[in-house]
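# Survey of secondary and tertiary structure
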Amino acid sequence: WVSGLPREVSSQINSAAVDVLGGRVIVDIANSPIGRALNLPTAIANLQVQLSPPAPGPTPPPAVMGGDDYVTSAGDITAAPLKDIEICSFGFSATDGAGSPVSLSAGHCDPGNSASVYLPNRDDIRASTPVGDFTTSSVGGGDGLDYSVIALNDAGVAAGLDQPTVRGANGTALTITGTASPVVGAPVCKSGQASSFTCGLVAADRVETQLFLGDGDSRTVRGFASTACTLAGDSGGAIVTGTLALGITSGSNSGGAPSCGEANLALAQYGGTASLGIPVDAVTAATGTTVRTS
């Protein structure tokens, strides 16, 4: 149906996903005059429409934002073996207690030793640009959260990581306007480097599960569950409901899948994809940070 629409119309449709638990199709459409006027197929009996911000105007978005990837290593990245270089996703732009720019991400992305965070150079990973350092992280501590705080340097600020933006559908920039708490049934979308922008619903507002780390250790982590698909590398990325910051991606039952399409097919008989999010309000309370908003 989408491919048969004129290009100026089909460009307003960001994504579509199957809500296995609710037995319906979720279509994410740009909140624009064309998007709001779309006539959706009547053949789909059970359909939910959610409106997202349209593509940005003439002002170019930041080069890097929440949902984009970073690499890190416990040691000097210029000499680190490739197997020791980790890849994760930036979450939300924030400020610390002193007003300095930071980025929020997942705690299990921090390899320790006050590791540096780099924008990846895809031609030569060891020549990647440092944009900050982990200053705080926690995985399944007393509060059961999975979070990290990355203090940004001048290069990180210059790249745009101090702006209240998250990578939206089709590479657009979604501007964060506030924060929210997870509510069962609420529409959510997550932004991450591996699977880009995928959407679903909050399936449970409070869950507790075991998060298995790279060294084989496991930690008890508490958060909320959504049906949005996430893959390996999406960890630390931003979870939003509309334009509100909702949480940080921690893990999922589809992390090892090659794509969300294959994950949806393989997991449909088990209830579909499920992702664990760490509530952003709990992260900011634990770290003394404040999410940047427009």
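Residues numbered from 1 in each chain as written. Predicted model: local features only at pLDDT ≥ 70, side-chain atom pairs only at ≥ 80, totals over all residues. Heavy atoms only, no water.

It is worth spelling out the overall build of the chain at this point. What the chain contains, in helices and strands, is 5 helices and 20 strands. For 294 residues, the compact-globule estimate of 2.2 N^0.38 gives 19 Å, and the C-alpha radius of gyration of the chain, at 18 Å, lies within 12% of that figure. On the principal axes, the C-alpha backbone points of the chain span a range of 55 × 45 × 35 Å. Sorting the 294 residues of the chain into buried and exposed places 49% on the buried side. In the chain, the proportion of contacts linking residues at least 24 apart, taken out of those at least 6 apart, comes to 61%. Taken as a whole, the chain presents about 12900 Å² of accessible surface, with 52% of it coming from carbon and sulfur. (Helix = DSSP H or I, 4+ residues; strand = E, 2+ residues; numbered from the N terminus. Rg over C-alpha atoms; globule rule 2.2 N^0.38 Å. Buried < 20%, exposed > 50% of the residue type's maximum accessible area, 1.4 Å probe, protein only. Contact = heavy atoms within 4.5 Å. Areas by Shrake-Rupley, 256 points an atom, 1.4 Å probe, with all protein chains shown as cover.)

Let's shift gears to the pairing of strand E18 (residues 244-252). Most of E18 sits inside the fold, with 7 of its 9 residues counted as buried. Alignment of strand E13 (residues 178-179) against E18, held across 2 bridges, turns out to be parallel. Paired with Gly178 across the strands is Leu244, a residue of E18. Both strand E17 (residues 238-241) and E18 contribute to a ladder of 4 bridges, which runs antiparallel. Bridge pairing in E18 links Thr241 to Leu244. Linkage of E17 to E18, two consecutive antiparallel strands, is achieved through a turn of 2 residues, within which Gly242 is found at a positive phi near 65°. (Pairing = 2+ DSSP bridges.)

Attention now moves to the packing of aromatic side chains. Counting across every chain of the model gives 2 aromatic pairs. Aromatic pair Tyr70 and Phe90: ring centres 4.8 Å apart, planes at 45°, arrangement tilted. Taken together, the positions of Tyr70 in strand E4 (residues 69-72) and Phe90 in the loop between strand E5 (86-89) and strand E6 (93-95) put the pair 20 residues apart, joining distant regions of the chain. Judged by relative accessible area, which is 0%, Tyr70 ranks as buried. Between Tyr70 and Phe134 the ring centres are 6.3 Å apart and the planes differ by 65°, which places this aromatic pair in the edge-to-face class. Taken together, the positions of Tyr70 in strand E4 and Phe134 in strand E9 (residues 129-139) put the pair 64 residues apart, joining distant regions of the chain. Like Tyr70, the residue Phe134 is buried in the burial classification. Aromatic rings pair up to connect Tyr70, Phe90 and Phe134 into one cluster. (Phe/Tyr/Trp six-rings, centres within 6.5 Å; stacked < 30°, edge-to-face > 60°.)

Relative to the helices and strands, Ser195 is located in the loop between strand E14 (187-192) and strand E15 (196-212). A relative accessible area of 12% means that Ser195 is categorised as buried. Not counting residues within four places of it along the chain, the set of residues in contact with Ser195 comprises Lys190, Cys229, Thr230, Leu231, Asp234 and Cys260.

Counted by the stated rule, this structure contains 5 salt bridges. Across the salt bridge formed by Glu208 and Arg222, the nearest N and O atoms sit 2.9 Å from each other. Taken as a pair, Glu208 in strand E15 and Arg222 in strand E16 (residues 218-226) lie far apart in primary sequence, 14 residues in all. (Salt bridge = Lys/Arg side-chain N within 4 Å of Asp/Glu carboxyl O.)

Attention now moves to unusual backbone geometry. Excluding glycine, most residues fall at negative phi; most peptide bonds, likewise, are trans. Look at Asn113: it is not a glycine, yet its phi comes out positive at around 60°. Mapping Asn113 onto the fold places it in the loop between strand E7 (101-105) and strand E8 (116-119). Looking at Asn113, the relative accessible area reads 66%, which means it is exposed. Its identity as a non-glycine residue notwithstanding, Ser196 has a phi of 60°, on the positive side. Summarising the element assignment, Ser196 is placed in strand E15.

The side chains of a regular strand alternate between both faces of the sheet. Burial of strand E1 (residues 13-19) is extensive: 5 of the 7 residues sit out of reach of the surface. Bridge count for E1 against strand E2 (residues 24-30) is 6 bridges, and the pairing is antiparallel. Along E2, the bridge assignment pairs Val18 with Val25.

Considering all chains together, one arrives at 3 disulfides under this definition. Residue pairing for Cys88: its cysteine sulfur links by disulfide to Cys109, the two sulfurs lying 2.0 Å apart. Handedness here is read from the sign of the S-S torsion; for Cys88 and Cys109, about -90°, the answer is left-handed. One end of the pair, Cys88, is in strand E5; the other, Cys109, is in the loop between E7 and E8, with 21 residues separating them in the sequence. Cys109 gets classed as buried once you look at its relative accessible area, which sits at 2%. Here Cys229 engages in a disulfide with Cys260; their sulfurs sit 2.2 Å apart. Every disulfide takes its handedness from the sign of the S-S torsion; for Cys229 and Cys260 that torsion is -95°, giving left-handed. (Disulfide = S-S within 2.5 Å.)

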